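Next come the chains, spelled out residue by residue.
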Amino acid sequence: MRGSDKRSRKRMEKRRGRSSQGVTIREVAARAGVSPMTVSRVINNENNVTPATSAAVMAAIQELKYTPNPAARRLAGSETFRIGLLYSNPSVAFLSEFLLGALDESSKTGHQLVVEKCGATAATEKAALQKLLQSGVDGVVLPPPLCEAKSILAEIAKSGVAAVAVAAGQPGPDVATVRIDNYKAAHRMTQHLLSLGHRTIGFIKGHPNQTVSDQRLHGFLDALSEAGLDPAAAPVEQGYFNYRSGLAAADKLLALKDRPTAIFAANDDMAAAVLATAHRLGLNVPVDLSIAGFDDTLIAGTIWPALTTVRQPIAAMGRAAVSMLLDEVKRRRGGGTSAPAQQLLRHTLVERESTAAPSGK
């Protein structure tokens, strides 16, 4: 056969969709009426496919003359998933780092990240979630505070899609979770302030709608108690994980007659607000006042003096959440019955210039 005839025949076969090299696993899946992942399971002789489905896939493979090669086998199950990310976090710094991590992982793995913002009311949260679900997402990532929103978790359970709760205070039995030990992290930071010689330490709590707020407070109070101090006497003010609430709390703490020599805020946004208030009042940080935060977001290293804080690996949590969600989607589609995965990541105490021994020591 002449070269021109061979090329003509190959073009004819390709147009008819009969070339073994031109047929894709998606075409096989479409002919059999199943997903590409199901075709992959049949090719790899996995046992979680019904005989009828397996027969339909094999018939499609034979009809289309599909011959999987090693590369095709590796890529057979690599469907592109749509990952929903629903957020309403008051901390822009936290959210920015988390989104970078999630986008990095979704881009690296070739999956689509669909981001949806919702308001602070239950109605807007539910509407935003429904918009995500109706767009056909395969699963949803829930950063705080939505990671513990009972109405959102109930709707997701009802829909049957997979979910990962990020930075939730406690892992739930029905949803995958990635978090740190907030109690231990706050306890460690308080011990650090105590080791510098501080005995009057103020604390700014996080939003009451998050379990981690109580965990950080209890870590702080228990460390005081273990040091022989009265935790009931500690000056504590309510914050809401945003800069403005940090300003209000700092004003109250620094107006006390027995002013704290150190203030530990439950996140970096509020700690930055304490620092701004100290500057406004003419206080020298850290000589007159030590300040500590939590999260180690970008702001912690850019304000002056740089902030001593707890490093919560936020970007890593975003990457882990996407990876865990993909695993959870595949586990469910494969008929897995094991409990959702749980990951506890490490935190680190980062010492910078905003903390020192109290004046006179």
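These notes cover the structure that comes with them. (Residues numbered from 1 in each chain as written. Predicted model: local features only at pLDDT ≥ 70, side-chain atom pairs only at ≥ 80, totals over all residues. Heavy atoms only, no water.)

1. With respect to the packing of helix α7 (residues 122–134) against helix α8 (residues 150–159)
Stage number 1. Axis separation between α7 and α8 bottoms out at 10 Å; the angle between their running directions is 25 degrees. It follows from the interaxial angle that α7 and α8 lie roughly parallel. Crossing of α7 against α8: the hand is right-handed. Each of E125, K126, L129, Q130 and L133 in α7 lies in contact with α8, whose residues at this interface are S151, I152, E155, I156 and S159. (Axes fitted to C-alpha atoms, helices over the stretch in contact; angles between N-to-C directions. Helix = DSSP H or I, 4+ residues; strand = E, 2+ residues; numbered from the N terminus. Parallel < 35°, antiparallel > 145°, perpendicular 65-115°, else oblique. Left-handed = near helix turned anticlockwise from the far one by under 90°. Contact = heavy atoms within 4.5 Å.)

2. What about the packing of helix α9 (residues 182–195) against helix α10 (residues 211–226)?
Stage number 1. One way to put it is that α9 packs onto α10 with a least axis distance of 7 Å and a crossing angle of 40 degrees. Taken together, α9 and α10 sit at an angle that is classed as oblique. Judged by the sense of rotation from one axis to the other, the crossing of α9 with α10 is right-handed. Counted together, N182, Y183, A186, H187, T190, Q191 and L194 of α9 and V212, Q215, R216, H218, G219, F220, D222, A223, L224 and E226 of α10 form the full contact between these two elements.

3. With respect to the pattern of salt bridges
Stage number 1. One pass over the full model with this rule turns up 11 salt bridges.
Stage number 2. Between R352 and D296 there is a salt bridge; the shortest N-O distance is 2.9 Å. Pair noted here: R352 is in the segment after β12 (348–350) and D296 is in the loop between β9 (290–295) and α13 (298–302), with a separation of 56 residues, a long-range link.
Stage number 3. Classification of D296 as buried rests on a relative accessible area of 12%.
Stage number 4. Salt-bridge contacts for R332 lead to E328; the nearest nitrogen and oxygen are separated by 3.1 Å. Linking R332 with E328, this pair stays in helix α14 (residues 314–333), spanning 4 residues, or about one helical turn.
Stage number 5. Here the salt bridges do not stand alone but share partners, grouping K126, E155 and K158 into one network. (Salt bridge = Lys/Arg side-chain N within 4 Å of Asp/Glu carboxyl O. Buried < 20%, exposed > 50% of the residue type's maximum accessible area, 1.4 Å probe, protein only.)

4. Considering the sheet that holds β9
Stage number 1. One open sheet accounts for 6 strands, arranged β7-β6-β8-β9-β10-β12; its pairing is mixed. Across the chains shown, the open sheet's two edge strands, defined by having one partner strand only, are β7 (236–238) and β12. Strand-to-strand twist of the sheet, defined as the mean angle between neighbouring strand axes without regard to direction, takes the value 15 degrees.
Stage number 2. Bridge count between strand β6 (residues 201–205) and β7: 3 bridges; the pairing is parallel. (Pairing = 2+ DSSP bridges.)

5. Remarks on the environment of P145
Stage number 1. Position of P145 relative to the elements: it lies in the loop between β3 (139–142) and α8.
Stage number 2. Note: C-alpha distance between P145 and Y87 (58 residues apart in sequence) is 8.0 Å.
Stage number 3. Setting aside anything within four residues of it in sequence, one finds P145 in contact with S88, N89, P90, N209 and Q210.

6. As for the pairing of strand β10 (residues 308–311)
Stage number 1. Sheet topology note: the β9/β10 ladder contains 4 bridges and is parallel. Paired with A292 across the bridge in β10 is T308.
Stage number 2. Looking at chain direction, β10 and β12 are connected through 3 bridges and run antiparallel. When the sheet's bridge partners are listed, R311 is paired in β12 with T348.

7. Observations regarding the side chain of S213
Stage number 1. Relative to the helices and strands, S213 resides in helix α10.
Stage number 2. Contact partners of S213, with chain neighbours within four places excluded, come to G206, H207 and F241.

8. A short note on the sheet that holds strand β11 (residues 342–344)
Stage number 1. Taken in spatial order, the 6 strands make up an open sheet running β2-β1-β3-β4-β5-β11, and their pairing is parallel. Of all strands in the sheet, those bounded by a partner on one side alone are β2 (112–117) and β11. If you compare each strand with its neighbour and ignore which way they point, the axes differ by 20 degrees on average.
Stage number 2. Relative to strand β5 (residues 176–179), strand β4 (residues 162–166) runs parallel, the two being bridged by 3 bridges. Counterpart to V164 in the pairing with β5 is A176.
Stage number 3. Each of β1 (82–87), β2 and β3 touches α7; the most contacted strand, β1, lies at about 170 degrees to it.
Stage number 4. Seen against the sheet, α8 touches β1, β3 and β4 and runs at an angle of roughly 165 degrees to β3.

9. Points about the packing of aromatic side chains
Stage number 1. In total, this model carries 3 aromatic pairs according to the counting rule given.
Stage number 2. With 6.4 Å between their ring centres and 15 degrees between their planes, F94 and F98 make a pair best called stacked. Of the two residues, F94 and F98 are both situated in helix α6 (residues 92–109); the distance of 4 residues between them amounts to about one turn of the helix. F98 shares its class with F94; the two are buried.
Stage number 3. Residues F203 and F264 carry aromatic rings whose centres are separated by 5.3 Å and whose planes lie at 85 degrees to one another, so their mutual orientation is edge-to-face. Pair noted here: F203 is in strand β6 and F264 is in strand β8 (residues 262–265), with a separation of 61 residues, a long-range link.
Stage number 4. Judged by its relative accessible area of 0%, F264 falls in the buried class.
Stage number 5. An aromatic cluster of three or more residues is present, and its members are F203, F220 and F264. (Phe/Tyr/Trp six-rings, centres within 6.5 Å; stacked < 30°, edge-to-face > 60°.)

Keep in mind these numbers describe shape, not what the thing actually does.
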